[in-house]
Amino acid sequence: AQTVTQSQPEMSVQEAETVTLSCTYDTSESNYYLFWYKQPPSRQMILVIRQEAYKQQNATENRFSVNFQKAAKSFSLKISDSQLGDTAMYFCAFMILNSGNTPLVFGKGTRLSVIA
Amino acid sequence: DTAVSQTPKYLVTQMGNDKSIKCEQNLGHDTMYWYKQDSKKFLKIMFSYNNKELIINETVPNRFSPKSPDKAHLNLHINSLELGDSAVYFCASSPQGDEQYFGPGTRLTVT
């Protein structure tokens, strides 16, 4: 079974600063996706960034980037130039990539507060 | 246009009642899911349907019954509601083997 661990229940960062959220996972699969989802107070689940395990290059989306260490099974999210609108719960998620349809396995989340 | 919609967004009901939550996606995806987010914000899969066929049924009480009339709809019916059923329920859809798109969630409160 796959597990996802987020070891930081809460974090805070000053506006315009950089923050890194940690995520580790455990799997025996070789083909999978990793995701970071953001859940603001509106509770909508918003995809922030995705990483295919077969890609060595770390994914980036504007101010968001990941540090994917496959051997270490680590998938951290870096948010640069933090903005007040980044305040939210952040969930790391894992999905096996196969011919079928597999569900997401989520970590317990990190609550991020951006302080003005 | 809303990609994945759920109705209602809020549902308050008493213990013992039966209720349904509806989900519709207009993305043409083959697979739909129901997730439960508990009071500690933990998200866990409940069910997965592919082209109206049940694929995944996690350890969920029999009081929960998903129904998929067509591949664009996946409804969740809950019988004999209990206090512990209070949670946010998310519907999601995906094309085969790709990222999932979530609905806005339904906050169920059982009193």
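This text follows the structure it describes.
Residues numbered from 1 in each chain as written. Chains lettered and ligands numbered in written order. Predicted model: local features only at pLDDT ≥ 70, side-chain atom pairs only at ≥ 80, totals over all residues. Heavy atoms only, no water.

Visitor: Hey, could you go over unusual backbone geometry for me, with residue numbers and the actual values?
Guide: In this chain, Thr 7 of chain B is followed by Pro 8 of chain B through a cis amide linkage whose omega measures -5°. Checked against the element boundaries, Pro 8 of chain B lands in the loop between strand E1 (4-7) and strand E2 (10-13). Phi at Asn 62 of chain A is positive, roughly 55°, even though this residue is not glycine. Note that Asn 62 of chain A resides in the loop between strand E7 (60-61) and strand E8 (64-69). The class of Asn 62 of chain A is exposed, set by a relative accessible area of 80%. Even without being glycine, Asp 81 of chain A reaches a positive phi, approximately 50°. Take Asp 81 of chain A: it is sitting in the loop between strand E9 (74-79) and strand E10 (88-96). Using a relative accessible area of 39% as the deciding quantity, one classes Asp 81 of chain A as partly exposed. (Helix = DSSP H or I, 4+ residues; strand = E, 2+ residues; numbered from the N terminus. Buried < 20%, exposed > 50% of the residue type's maximum accessible area, 1.4 Å probe, protein only.)

Visitor: Requested: an account of the interface of chain A and chain B, with residues and values cited.
Guide: In this assembly, 24 residues from chain A lie in contact with 29 residues from chain B. Glu 99 of chain B is the salt-bridge partner of Arg 50 of chain A, the closest N and O atoms lying 2.7 Å from each other. Run the count over chain A and chain B and you get 9 residue pairs in polar contact (both at pLDDT 80 or more). Those elements giving two or more residues to the side of chain A that touches chain B turn out to be strand E5 (32-39), strand E6 (46-52) and E10 of chain A. For the side of chain A that touches chain B, the element with the most residues is E5 of chain A, which contributes 4 residues. Of the residues contributing to the side of chain A that touches chain B, the split by class is 12 nonpolar, 8 polar and 4 charged. (Contact = heavy atoms within 4.5 Å. Salt bridge = Lys/Arg side-chain N within 4 Å of Asp/Glu carboxyl O. Polar contact = N/O pair within 3.5 Å; in protein donor to acceptor, adjacent residues only side chain to side chain. Nonpolar A, V, L, I, M, F, W, Y, C, P; charged D, E, K, R; others polar.)

Visitor: Can you explain the layout of surface pockets? Please cite residues and give values.
Guide: Summary: where empty space remains is shown by rolling a probe the size of a single water molecule over the atoms. When its volume is computed, the largest pocket comes out at roughly 330 Å³. Along the wall of the largest pocket there are 17 residues; nearest its centre are Gln 2, Leu 104, Val 105 and Phe 106 of chain A together with Ile 45 of chain B. Considering each element in turn, the lining of the largest pocket owes the most residues, 3 residues, to strand E5 (residues 43-50) of chain B. For the lining of the largest pocket, the residue count by class is 12 nonpolar, 3 polar and 2 charged. What lines the second largest pocket is simply Lys 36, Asp 38, Phe 42, Lys 44, Ile 45, Met 46, Glu 58, Thr 59, Val 60, Pro 61 and Phe 64 of chain B. Per-element tally for the lining of the second largest pocket: the top contributor is E5 of chain B, with 3 residues. Among the residues forming the lining of the second largest pocket, the class breakdown is 6 nonpolar, 1 polar and 4 charged. (1 Å grid on protein atoms, 1.4 Å probe; cavity = no way out; pocket = protein on both sides within 12 Å on 5 of 7 lines; lining within 4 Å. Points joined across faces, edges and corners; volume = space filled by probe spheres on them.)

Visitor: Please give an account of the side chain of Thr 13 of chain B that cites residues and values.
Guide: Residues and elements named next belong to chain B. Within the secondary structure layout, Thr 13 lies in strand E2. A polar side-chain atom of Thr 13 sits 2.9 Å from a polar atom in the side chain of Asn 17. Residues contacting Thr 13, with those up to four places away along its chain left out, are Lys 19, Leu 81, Leu 108, Thr 109, Val 110 and Thr 111.

Visitor: Talk me through the nonpolar core; I want residue IDs and the actual numbers.
Guide: All names here are of chain A. Residues Tyr 25, Trp 36, Phe 75, Leu 77 and Tyr 90 are the most contacted members of the largest nonpolar core, which totals 26 residues. Those elements giving two or more residues to this core turn out to be strand E3 (19-21), E5, E6, E8, E9, E10 and strand E12 (110-115). A total of 5 residues in this core trace back to one element, the largest contributor, which is E10. Excluding anything up to four places from it in sequence, Phe 75 contacts Cys 23, Tyr 25, Leu 34, Phe 35, Trp 36, Gln 51, Val 66, Asn 67, Phe 68 and Cys 92. (Core = buried A, V, L, I, M, F, W, Y, C linked by side-chain atoms within 4.5 Å.)

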